[in-house]
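Geometric and topological summary
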Amino acid sequence: MTIKKLAELYRNKKISVVESITGFYNRIKEKDGSIHAFLSLNEAEALRQAKSIDRRIAEGEDLSILAGIPLAIKDNICQEGTKTTCASRILESFTSPYDATVITRLREKDAVFLGKTNLDEFAFGSSTENSAFGTTRNPANPDYVPGGSSGGSAAAVAADFACAALGSDTGGSIRQPASFCGVVGLKPTYGRVSRYGLVAFASSLDQIGPFAGTVEDAAIILKEIAGFDPADSTCVEIPVPDYPALLSGPVSGLKVGLPREYFGEGLENDVAGKIDEVIKMAEKLGLKIREISLPHTTYAIAVYYILATAEASANLARFDGVRYGRRKAGARTMRQLYEESRDEGFGRETKRRIILGTFVLSSGYYEAYYRKAQKVRTLVRRDFEAAFKEVDLILTPTSPTPPFKIGEKVIDPLQMYLSDIFTVSANLAGIPGLNLPVGCVRDNLPVGLQILGPAFAEERVLCLAHHLEKELGLS
Ligand code: GLN
């Protein structure tokens, strides 16, 4: 069910908001037992809100297109009065004291928040298997992972538990699960959307963005959540385009680059085949396609995992059982209290990240790892700046493989890290990236195309995605 269609049903009084929201909860209760997209539901509040929206519709009030639209929210985004656990034991009983800016903005448009979705603990992972509260399954095929870290949000949209969802993307956590679950997912430009109220992972990389069933729905959500916010100093004060209105603009003549580094070793044949089909289709739309090079791509994973873990180790210092987080009872010294609270509260991957991040920041290693990674990050960013002088957009696969099986990679962190190979560079460069589902391969496993654009060119990314989606017959 798309936002567009549901809003129309409300407007024509074919269904009330209460009926619709009740229907979504019934579906979740019937089916989420086997998928586990949600960590908590917000039913009483959502129904109260639905009733009041119905009353306002009956009184003839002209409401936003988002009024009464059910959304799912990743459980690292604060929504006042709901738990925000980050899928970590250490925050198991933490209740958000305030709304994130994205929630405030969607609330003003009367969107309905159904519940909070599962993720890898603190968003560390690519499969949602690192959640302290159980794995989410891929609705397309339950033996497979939904991707991560926003696996719960992607699965919620794919399973029709909500019209759209919010996730966060530090190294691919919106685009990769969108690809694995066969939905649209957009990571906006760094600075486009406020992160106030998002639990920080790596502050120089984190962005919040939408998941949706169609490109148009993603554009509708982005329009509402984007824009300046004095509460996030990285949020940029430039006007927000009317994304949905710009979707059907012309694409013929656009110059599109295919980076050779993304089409070589490691790319699975099945995925390559699907992406080739879409590229042929893009040519028919009049796009001018050519090969380009992003020469520092090979360093992107190493750079990302140095910088992301360094920033994470600093950001997670606040979870100490004193300022934030569950406190271990019975500790006798300060040191014991920190050690035991953190040992008990954090899972394996979180500990690994804190240890790696602390290591690369420690004196003696800082120059060799952290400082060097910062320099190479600049080179990665310059690769994109140079490329966008030649082309308007870049197309790549979102992930080198279709979804993998539950349990297949979780024991091998390096294999897991390598699954982010096509997504981390956009975060390092701060540019927008969108996953467009382009069909399935064996075992009903979805494949996604990644569309990358220059900073603050979301409308161009969305416009091409919308045209390709139509061409693919997906909307
Ligand atoms: N999979 C990447 C990681 O594990 C990205 C996660 C994210 O974007 N939050 O760090």
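Refer to the preceding data block for the structure.
Residues numbered from 1 in each chain as written. Predicted model: local features only at pLDDT ≥ 70, side-chain atom pairs only at ≥ 80, totals over all residues. Heavy atoms only, no water.

**Overview of helix α12 (residues 366-390)**
Note that an α-helix has 3.6 residues per turn; residues three or four places apart therefore point the same way. Its 25 residues place the ends of α12 36 Å apart at the C-alpha level, agreeing with the 36 Å of an ideal helix rising 1.5 Å per residue. Its maximal kink placed at Lys372, α12 deviates by approximately 25 degrees. Turning to α12, its buried residues number three or more, namely Tyr370, Ala373, Val376, Arg377, Val380, Asp383, Phe384, Ala387 and Phe388. (Helix = DSSP H or I, 4+ residues; strand = E, 2+ residues; numbered from the N terminus. Expected span 1.5 Å × (residues − 1). Bend = angle between axes of the 7 residues up to and from the residue. Buried < 20%, exposed > 50% of the residue type's maximum accessible area, 1.4 Å probe, protein only.)

**Points about the side chain of Gln450**
Relative to the assigned elements, Gln450 resides in strand β11 (residues 445-452). At 2.8 Å, the side chain of Gln450 forms a polar contact with the backbone oxygen of Phe422. Those residues in contact with Gln450 that sit more than four places away from it in its chain are Arg175, Ile394, Leu395, Thr396, Pro397, Thr398, Phe422, Thr423 and Leu434. (Polar contact = N/O pair within 3.5 Å; in protein donor to acceptor, adjacent residues only side chain to side chain. Contact = heavy atoms within 4.5 Å.)

**Here's the deal with the nonpolar core**
Ranked by size, the top nonpolar core spans 145 residues in total, and within it Phe122, Phe384 and Ile451 carry the most contacts. Per-element tally for this core: the top contributor is helix α9 (residues 300-315), with 10 residues. (Core = buried A, V, L, I, M, F, W, Y, C linked by side-chain atoms within 4.5 Å.)

**Details of the pattern of salt bridges**
Following the criterion strictly, the structure yields 27 salt bridges and no others. Between Arg175 and Asp169 there is a salt bridge, and its shortest N-O distance comes to 2.9 Å. Classification of Arg175 as buried rests on a relative accessible area of 0%. Close ionic contact of Asp343 with Lys351 constitutes a salt bridge, the shortest N to O distance being 2.8 Å. It is possible to trace a salt-bridge network through shared partners that takes in Glu92, Arg326, Lys328 and Glu344. (Salt bridge = Lys/Arg side-chain N within 4 Å of Asp/Glu carboxyl O.)

**Things to note about the environment of Thr214**
Mapped onto the secondary structure, Thr214 falls in the loop between β6 (207-212) and α7 (215-225). Linking Thr214 and Pro437, residues 223 residues apart in sequence, is a C-alpha distance of 9.4 Å. A polar atom in the side chain of Thr214 sits 3.1 Å from the backbone nitrogen of Asp217.

**Quick notes on the sheet that holds strand β8 (residues 288-292)**
Sheet architecture is open: 11 strands sit in the order β1-β3-β2-β4-β6-β5-β10-β11-β9-β7-β8, paired in mixed fashion. A strand with exactly one partner marks an edge of an open sheet, and here the two such strands are β1 (38-41) and β8. Adjacent strand axes in the sheet meet at a mean angle of 30 degrees when their direction is disregarded. Relative to strand β4 (residues 164-169), strand β2 (residues 70-74) runs parallel, the two being bridged by 3 bridges. By the bridge assignment, Ile73 is partnered in β4 with Leu166. (Pairing = 2+ DSSP bridges. Axes fitted to C-alpha atoms, helices over the stretch in contact; angles between N-to-C directions.)

**Focus: the site of the ligand**
As a matter of local geometry, the ligand sits amid 15 residues, with Thr170, Gly171, Ser173, Tyr304 and Arg353 nearest to it. At 3.4 Å, a side-chain N or O of Ser149 approaches a nitrogen atom of the ligand. For the ligand, an oxygen atom lies 3.3 Å from a polar atom in the backbone of Gly172. Its free accessible area being 290 Å², the ligand has 100% of it covered by the protein chains. Tallied by class, residues from the shell around the ligand come to 5 nonpolar, 7 polar and 3 charged. (Near = heavy atom within 4 Å. Areas by Shrake-Rupley, 256 points an atom, 1.4 Å probe, with all protein chains shown as cover. Nonpolar A, V, L, I, M, F, W, Y, C, P; charged D, E, K, R; others polar.)

**Observations regarding helix α1 (residues 3-11)**
Residues of α1 that are buried include every one of Ile3, Leu6, Ala7 and Tyr10, and no others. Axial view of α1: buried residues confined to an arc of 100 degrees, hence all on one face. Those residues of α1 that are buried lie in contact with α2 (17-35), α3 (43-58), β2, β4 and α7. At the C-terminal side of α1, Lys13 shows a positive phi close to 55 degrees. (Arc of directions from axis to C-beta.)

**Some remarks on unusual backbone geometry**
Across the junction of Gly148 and Ser149, the peptide omega takes the value 10 degrees, indicating a cis bond. If you trace the backbone, Ser149 turns up in the loop between β3 (112-117) and α5 (151-158). Positive phi is not limited to glycine here, since His36 has a value of about 65 degrees. With respect to the secondary-structure elements, His36 resides in the loop between α2 and β1. For Asp110, which is not glycine, the phi torsion reads 70 degrees and is therefore positive. Mapped onto the elements of the fold, Asp110 is located in the loop between α4 (101-108) and β3. Taking the relative accessible area as the measure of exposure, Asp110 reaches 13% and is therefore buried.

**Notes on the packing of aromatic side chains**
The final tally for this structure, using the stated rule, is 17 aromatic pairs. On the numbers, 5.1 Å between centres and 25 degrees between planes, the contact of Tyr98 with Tyr196 is stacked. Of this pair, Tyr98 sits in the loop between β2 and α4 while Tyr196 sits in the loop between β5 (184-187) and β6, and the two are 98 residues apart along the sequence. In this structure Tyr98 comes out as partly exposed when scored by relative accessible area, which is 32%. Take Tyr196: its relative accessible area is 35%, and that puts it in the partly exposed class. Each ring, one from Phe122 and one from Phe319, has its centre 5.0 Å from the other, and the planes form 40 degrees; the classification is tilted. In this pair, Phe122 sits in the loop between β3 and α5 while Phe319 sits in the loop between α9 and α10 (334-345), placing the two residues 197 residues apart along the sequence. Across this residue pair, the class does not change: Phe122 and Phe319 are buried. (Phe/Tyr/Trp six-rings, centres within 6.5 Å; stacked < 30°, edge-to-face > 60°.)

**Observations concerning the pairing of β6**
With 6 of 6 residues buried, β6 lies mostly within the body of the structure. Inspection of the sheet shows β5 paired to β6 by 2 bridges, in the antiparallel sense. Residue pairing across strands places Gly185 opposite Phe211, the latter belonging to β6.

**Quick look at the environment of Phe388**
Relative to the assigned elements, Phe388 resides in helix α12. With 65 residues separating them in the primary sequence, Phe388 and Gly453 have C-alpha atoms 7.9 Å apart.

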